[in-house]
Amino acid sequence: MGGIFFYSDNPDKTKEWYTKNLGIEINDWGSSSFESRKLDHPEKINSLQWKPFKTGDEYFSPSKKNFMINYRVQNIEGLLEKLKENGVTVLDSITNYDGIGKFVHIMDEDDNKIELWQPED
């Protein structure tokens, strides 16, 4: 992932939310914790998916924002329990797609819908 930038009404609170709930380490310039290769299998290349959606598509709902971020995660079940304990809004239950992985959707502090994905690999 080269970079994702978005507006926030309270950037410090948003940074704290992402560090607390998703473990993303943030410095003065943003996050440098996204890798393009697996550390234990550097010969394997991870891919970043890109897809434009038609304006007004309901997939981003209930967010009213014009973007959605997909984060790769590990142990999606354990993470989801932690998020629930932290009072994070969980929009659906974990869905598994054979050959792709597990997905679940949450909302962050700025009402952005976030897609969490545990790849099947």
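Presented here is an overview of the structure given in this document.

Rules used throughout
- Residues numbered from 1 in each chain as written.
- Predicted model: local features only at pLDDT ≥ 70, side-chain atom pairs only at ≥ 80, totals over all residues.
- Heavy atoms only, no water.
- Helix = DSSP H or I, 4+ residues; strand = E, 2+ residues; numbered from the N terminus.
- Buried < 20%, exposed > 50% of the residue type's maximum accessible area, 1.4 Å probe, protein only.
- Expected span 1.5 Å × (residues − 1).
- Arc of directions from axis to C-beta.
- Pairing = 2+ DSSP bridges.

What follows is about unusual backbone geometry. Following Ser 61, the chain continues to Pro 62 via a peptide bond in cis, the omega torsion being 15°. Among the structural elements, Pro 62 can be located in the loop between β2 (30–31) and β3 (69–72). Here Asn 75, not a glycine, exhibits a phi torsion of approximately 50°, which is positive. Residue position: Asn 75 is located in the loop between β3 and α2 (76–85). You can call Asn 75 partly exposed: its relative accessible area is 48%. With phi around 60°, Asp 111 is a residue other than glycine that occupies positive phi space. Relative to the helices and strands, Asp 111 is located in the loop between β6 (101–107) and β7 (113–119). We classify Asp 111 as partly exposed; its relative accessible area is 49%.

Another point: helix α1 (residues 11–22). Since the α-helix packs 3.6 residues into each turn, any two residues three or four apart lie on the same face. Taking 1.5 Å of rise per residue, twelve residues should cover 16 Å, and α1 covers 16 Å from first to last C-alpha, within 8% of that figure. Among the residues of α1, those classed as buried are Thr 14, Trp 17, Tyr 18, Asn 21 and Leu 22. Buried residues of α1, seen end-on, are gathered within an arc of 95° and therefore sit on one face of the element. In α1, those exposed residues whose orientation departs by more than 90 degrees from the buried face are Asp 12 and Glu 16. One or two steps after α1, the chain reaches Gly 23, where phi turns positive at roughly 70°.

Right, let's talk about the pairing of β6 for a bit. Most of β6 sits out of view: six of its seven residues are buried. Counting the residues that bridge the hairpin from strand β5 (residues 95–97) to β6 gives three residues, and of these Gly 99 lies at a positive phi of roughly 85°. Where β6 and β7 come together, seven bridges link them in antiparallel fashion. By the bridge assignment for β7, Gly 101 is matched with Pro 119. The turn linking β6 back onto β7 is made up of five residues, and Asp 111 within it adopts a positive phi angle of 60°.

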